[in-house]
Every structure is written in C-alpha cells, then in structure tokens.
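One letter stands for each residue in the lines below.
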Amino acid sequence: MEVNKLLKRNHYDEMADQIKQMILQGQLQTGDKLPSTKELSERFGVGRSTAREALSALKAMGLIEIRQGGGCRVISQVPTEVLLPEMASLRMNRTTLLELMEVRQSLEVSIAAIAAKNRTEQDLHQLHLVLNEMVSAVGNDIEGERTDVSFHVMLVQATHNAIMERTCQSIMKPMESMIRDIRRAELYANQDVAIQLLKEHTRIYEAIRRGDQEQASQAMRSHLEHVESILVKYI
C-alpha cells in the first residue's frame, strides 16, 4: 500500500480521499485488510487521531468496516454516501448555514444521548484523549479546530449506529467548509472562547461517562447554541 505523505497537518479528509481512490481504482479489493492505525499514521505522517478520523469517514461511506480492536477491512468498492438532494449545489449564504446549524443541533443533541447509552470504555478513553489534546490546543486555531472535529466525530462513533454516522457525515462536511470560510478562527484563536468551548466539551463528556442521556443532550444543546451565537455575528 503506497501512499503520499500529507504536506499539510491534520487533513484527515485528504488521507481518506487517498485510501478511497485506492479502493475505487482496485488497488485495494473487497476483503483486503488495511494497515493498523499506528502504521497508517506513520505512512501518511499524521497523528493517530487524524488516522482514526479518516477511517471513520471511509466507514461512513460504506467502503470499510472497523472491527473490534481497531482492525479495518474493505467491504465495498462503491461508496454509499448519504447525500441530501440539494447538497451538491450549496451556496455560501446565511440562510443555508442557519438551516444546516438547525439540522446539526437536532442530530447532535440526539447523538449525545445515544452515545451516553451505547458508549464503551474504549469510546470514553478516546474522548478523554481528545479532551486532553484540547487543553494543549487552547489559543491555537488549527489544533483547536482539529480537536473539536475529532471530539464530535468520536461522539458519532460512540453511538455505534452506522446510519447515524453516514447521515452526520453528509451534513457536517458542507457545514464545516462554510464555517471555515466565514470566520472559524474566532472560535479557537480567541483564548477565552477556546477555554469556554473546552468546558462545554468536558460537560458533554462527563454526562456521557455517567451514562446520563438527558444531561448529555442538554450539554450538547447549550454548546451548539453558544457556537451559533458566535457564528451569526459574521453572516
């Protein structure tokens, strides 16, 4: 499995795209095992959390399965991405972003509750690792964005619901692009805001750790309302 090392840091989407092309072009066949997360991260020159995000994206496309213990296997050479009819023609405008944020809130509030019910000890371990990375990333917009995305991706994984993963993937990709183009750095470069976001993510994690579905939903709703209050200033 020959890959090109990524020139930019933390681009899990570029890593996922490289592996996706290998699958679509037949370099990786149905039934083939992928290298371990550790080996993939070394080959691509990225961190393990970035590699895990890339694998999660491939799973959401229906191309691979992620087995207990972290092993991955190609299960299809045809992506089964879940896309809304109008998603291909999204324009950068206020109405579209607000609508996406409404959909995201509806999804993620439910995701937090389901994760609180279905999460495993391994899920909690991964979420805790990302929270620790968030502490180091306070005030660093690039790392702040990466760890924020990682946290939410891992929450979806913690639901252990493949359809939820695919649906969330179809919503989050265009939304993340739109937010980034507007003023994403405000969320992470501002140290006070970054510290508050860390507290919010910690509340979500603690509720999920306790298995408290109601508190997990409330903490997620509060977090997303805070993010929206910042973003609407720039649209």
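Residues numbered from 1 in each chain as written. Predicted model: local features only at pLDDT ≥ 70, side-chain atom pairs only at ≥ 80, totals over all residues. Heavy atoms only, no water.

1. Points about the environment of Met154
Consideration 1: By the secondary structure assignment, Met154 is in helix H6 (residues 141-159).
Consideration 2: You can call Met154 buried: its relative accessible area is 5%.
Consideration 3: Setting aside its immediate chain neighbours within four residues, Met154 contacts Arg52, Gln126, Leu127 and Val130. (Helix = DSSP H or I, 4+ residues; strand = E, 2+ residues; numbered from the N terminus. Buried < 20%, exposed > 50% of the residue type's maximum accessible area, 1.4 Å probe, protein only. Contact = heavy atoms within 4.5 Å.)

2. What to know about the nonpolar core
Consideration 1: Counting 30 residues, the largest nonpolar core has Ile111, Phe151, Leu155, Ile204, Ile208 and Met220 as its most contacted members.
Consideration 2: Of all the secondary structure elements, the ones that give two or more residues to this core are helix H4 (94-118), helix H5 (121-137), H6, helix H7 (162-183), helix H9 (191-210) and helix H10 (213-231).
Consideration 3: No other element matches H4, which puts seven residues into this core.
Consideration 4: Beyond its immediate sequence surroundings of up to four residues, Ile111 is in contact with Leu155, Val156, Thr159, Met164 and Cys168.
Consideration 5: Counting residues in hydrophobic clusters, the runner-up holds 23 residues, among them Leu34, Leu40, Ala51 and Leu63. (Core = buried A, V, L, I, M, F, W, Y, C linked by side-chain atoms within 4.5 Å.)

3. So, the pattern of salt bridges
Consideration 1: Throughout the structure, instances matching the rule amount to eight salt bridges.
Consideration 2: For Arg146, the salt bridge identified is with Glu143, shortest N-O distance 3.2 Å. Separated by three residues within a single helix, Arg146 and Glu143 lie in helix H6, roughly one turn from each other. Here Arg146 and Glu143 have matching classes, each one buried.
Consideration 3: In this structure, the salt-bridge partner of Arg209 is Glu206, at a minimum N-O distance of 2.8 Å. Of this pair, Arg209 and Glu206 both sit in helix H9, separated by three residues, roughly a single helical turn.
Consideration 4: Look at Arg209 and you get partly exposed, because its relative accessible area is 39%.
Consideration 5: When salt bridges that share partners are traced, they join Glu133, Glu143 and Arg146 into one network. (Salt bridge = Lys/Arg side-chain N within 4 Å of Asp/Glu carboxyl O.)

4. Topic: H10
In an α-helix there are 3.6 residues to a turn, and that puts residues three or four apart on one side.
Consideration 1: Counted at 1.5 Å a residue, the expected span for H10 with its 19 residues is 27 Å, and the 27 Å between its end C-alpha atoms agrees.
Consideration 2: Measuring from the side-chain oxygen of the N-cap residue of H10 to the backbone nitrogen of Glu214 gives 3.3 Å; that N-cap residue is Asp212. (Expected span 1.5 Å × (residues − 1). Polar contact = N/O pair within 3.5 Å; in protein donor to acceptor, adjacent residues only side chain to side chain.)

5. What about the environment of Leu155?
Consideration 1: Note that Leu155 resides in helix H6.
Consideration 2: Relative accessible area serves as the criterion here: at 0%, Leu155 is assigned to the buried category.
Consideration 3: Excluding residues that lie within four positions of it along the chain, Leu155 makes contacts with Ile111, Ala115, Leu127, Ile204, Ile208 and Met220.

6. Notes on the side chain of Glu108
Consideration 1: Examined against the element boundaries, Glu108 turns out to sit in helix H4.
Consideration 2: By relative accessible area, Glu108 is classed as buried at 1%.
Consideration 3: Leave out the neighbours within four places in its chain, and Glu108 touches His152, Met172, Met220 and Leu224.

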